[in-house]
Structure formats: C-alpha cells, structure tokens
Amino acid sequence: MRKASTIVVTILIAGMLLFTLMDRNEFDSTSKNLLSSNKTDTIITAPVLQLKDWQGNVRTIGGKTSSWTLVNFWASWCGPCEEESADLVKLYKHYGDQIEIIGINAAHVDNEAKARAFVLKHDLKFTIVFDVTGQATESYQVVGYPSTYLVNPNGQVVATMAGLRTYAQFREVIDKHK
C-alpha cells in the first residue's frame, strides 16, 4: 500500500512540474485555439470588439489599425497580473507610439472599484477597457489571467501568451514580429 501511495505522489508531482514548465513557454504561434501551444502557420484574425474605456466611452478593439497592438487580459485579484503590470508600464514607455497597449479588465469576474484602484496603484497610462459581459474573454478564448496577444496592423494575431511574462519576454516577441 505504501508503494502505491509513493507512485501516486510521484505521478502528481511530475504532472505539476510538467504543467509548470508548459506554462513558462514563451509566445507561441497562433492556431485555431488562440492559446494553443501547438505551433502552426494558421492566421487568426483578432476579434473586433466594442468595449467601454475608463471614461465610459465605447472603444473598438481589433480589426485593421495603423499600428501593432498588444492586448493584455487582466483582473485586479490576479497576483501574476499585478506582478506583470510594472513590465507593461515599462513596455508602454519604451515603445511609445509604435505599439498600442490595451489592457482588458475581466470585469465580468472582477470588481470595477478594485479594478480602477489597481489601474491607479500601478499607474497604468495605456488604454484600459472593461469586459463587463465576458464577450472579449470568450472571443479571445482566454483561459487564465494574464493572457496577452500581439496583433499586427492587419488585425491578425501573430503571437499569444498565457501567464505571467517579463519585460524582456515581451520585447523579444515584439521585436521578432515587428
């Protein structure tokens, strides 16, 4: 019986280690599932969405634009989102007008007052919109927070990323595709 318990614990530990290593993968090429880890040449068009911004104005997210866009899904209760916020601010300062950064708050599973406090606390100056209905989260097939998508000016998702990333990792994928 003790031997069986040891085997089960070993399998569980190996599974958790494998999951952790898979989550640490850098940006993957997109596929039919936007957050799939399978690399493919399939082109995915970024969903076009209408979301309200910080001031309550409706903003169109997605479609053809004049610049590259980094779309980041986050929630105020998400520890990795909080960790990643400083790197997004640094990225915003570095790329300036070259790349639009849009933070999409998961308002359908978050508290708006806490989300607004999060934005102020972390001095997020880039565009913030609220996904009140969960439509954006569903359209982008978000499975966890943070999740980030790099979209080219033609409105195509060229890279996806699930989980916490660093400034250097963001720069690497942007510079690779831009």
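Residues numbered from 1 in each chain as written. Predicted model: local features only at pLDDT ≥ 70, side-chain atom pairs only at ≥ 80, totals over all residues. Heavy atoms only, no water.

## Examining the sheet that holds strand β5 (residues 99-105)
Here's step 1: Spatial strand order, β1-β8-β7-β4-β5-β6-β2-β3: eight strands in an open sheet with mixed pairing. This sheet does not close on itself; its edge strands, each paired only once, are β1 (44-45) and β3 (58-61).
Here's step 2: The pairing of β5 with strand β6 (residues 127-130) spans four bridges and is classified as parallel. Counterpart to I104 in the pairing with β6 is V129.
Here's step 3: With respect to the sheet, helix α2 (residues 79-95) is in contact with β4 (68-74), β5 and β7 (147-151), its orientation differing from that of β4 by roughly 165°. (Pairing = 2+ DSSP bridges. Helix = DSSP H or I, 4+ residues; strand = E, 2+ residues; numbered from the N terminus. Contact = heavy atoms within 4.5 Å. Axes fitted to C-alpha atoms, helices over the stretch in contact; angles between N-to-C directions.)

## Brief notes about the nonpolar core
Here's step 1: Residues L70, F73, L91, I104 and Y140 are the most contacted members of the largest nonpolar core, which totals 46 residues.
Here's step 2: Setting aside its immediate chain neighbours within four residues, L70 contacts L88, L91, I99, E100, I101, I102, T148, Y149, L150 and F170. (Core = buried A, V, L, I, M, F, W, Y, C linked by side-chain atoms within 4.5 Å. Buried < 20%, exposed > 50% of the residue type's maximum accessible area, 1.4 Å probe, protein only.)

## Structural notes on the pairing of strand β8 (residues 156-162)
Here's step 1: β8 sits mainly inside the fold: five of its seven residues count as buried.
Here's step 2: As paired elements, β1 and β8 share two bridges and run antiparallel to each other. In the strand pairing of β8, T45 is matched with Q156.
Here's step 3: Of the pairings in the sheet, the one linking β7 to β8 comprises five bridges and is antiparallel in character. By the bridge assignment for β8, L150 is matched with A159.

## Brief notes about the confidence of the model for the protein
Reading predicted coordinates in detail is not appropriate for stretches of low pLDDT.
Here's step 1: Per-residue confidence for the protein averages 82 on the pLDDT scale, and 76% of its residues sit at or above 70.
Here's step 2: Low pLDDT, under 50, characterises residues 8-41; the predicted model gives this stretch 55 contacts beyond four residues in sequence or across chains. (pLDDT = per-residue confidence, 0-100.)

## Examining the packing of α2 against helix α5 (residues 167-177)
Here's step 1: Between α2 and α5, the least distance of the axes is 9 Å, while the angle of their chain directions is 45°. Of the possible angle classes, the one that applies to α2 and α5 is oblique. Here α2 runs over α5; the crossing is right-handed. Mapping the contact onto sequence places E84, D87, L88, K90, L91, H94 and Y95 in α2 and Y167, F170, R171, I174 and D175 in α5.
Here's step 2: Tallied by class, residues from the contact of α2 with α5 come to six nonpolar, one polar and five charged. (Parallel < 35°, antiparallel > 145°, perpendicular 65-115°, else oblique. Left-handed = near helix turned anticlockwise from the far one by under 90°. Nonpolar A, V, L, I, M, F, W, Y, C, P; charged D, E, K, R; others polar.)

## Quick word on the packing of aromatic side chains
Aromatic ring pairs: the centre-centre distance and the angle between the two ring planes describe each pair.
Here's step 1: Counted by the stated rule, this structure contains six aromatic pairs.
Here's step 2: Between Y140 and Y149, the aromatic rings sit 4.8 Å apart at their centres with planes inclined by 55°, giving tilted as the arrangement.
Here's step 3: In this structure Y149 comes out as buried when scored by relative accessible area, which is 0%.
Here's step 4: In textbook terms, an aromatic cluster arises when at least three aromatic residues are bridged by ring pairs, as seen for F73, Y140 and Y149.
Here's step 5: Above the face of the Y167 ring, K90 is positioned so that its terminal group lies 4.4 Å from the ring centre.
Here's step 6: Lying over the aromatic face of W54, R116 brings its terminal NZ or CZ to 4.6 Å of the ring centre. (Phe/Tyr/Trp six-rings, centres within 6.5 Å; stacked < 30°, edge-to-face > 60°. Lys NZ or Arg CZ within 6 Å of the ring centre and 35° of its normal.)

## As for α5
Here's step 1: Within the span of α5, buried status applies to Y167, Q169, F170, V173 and I174. One side of α5 carries all its buried residues, which in axial view fall inside an arc of 165°. What points out from α5, more than 90 degrees from its buried face, is the exposed set A168 and K176.
Here's step 2: Buried residues along α5 sit against β4, α2, β5, β7 and β8. (Arc of directions from axis to C-beta.)

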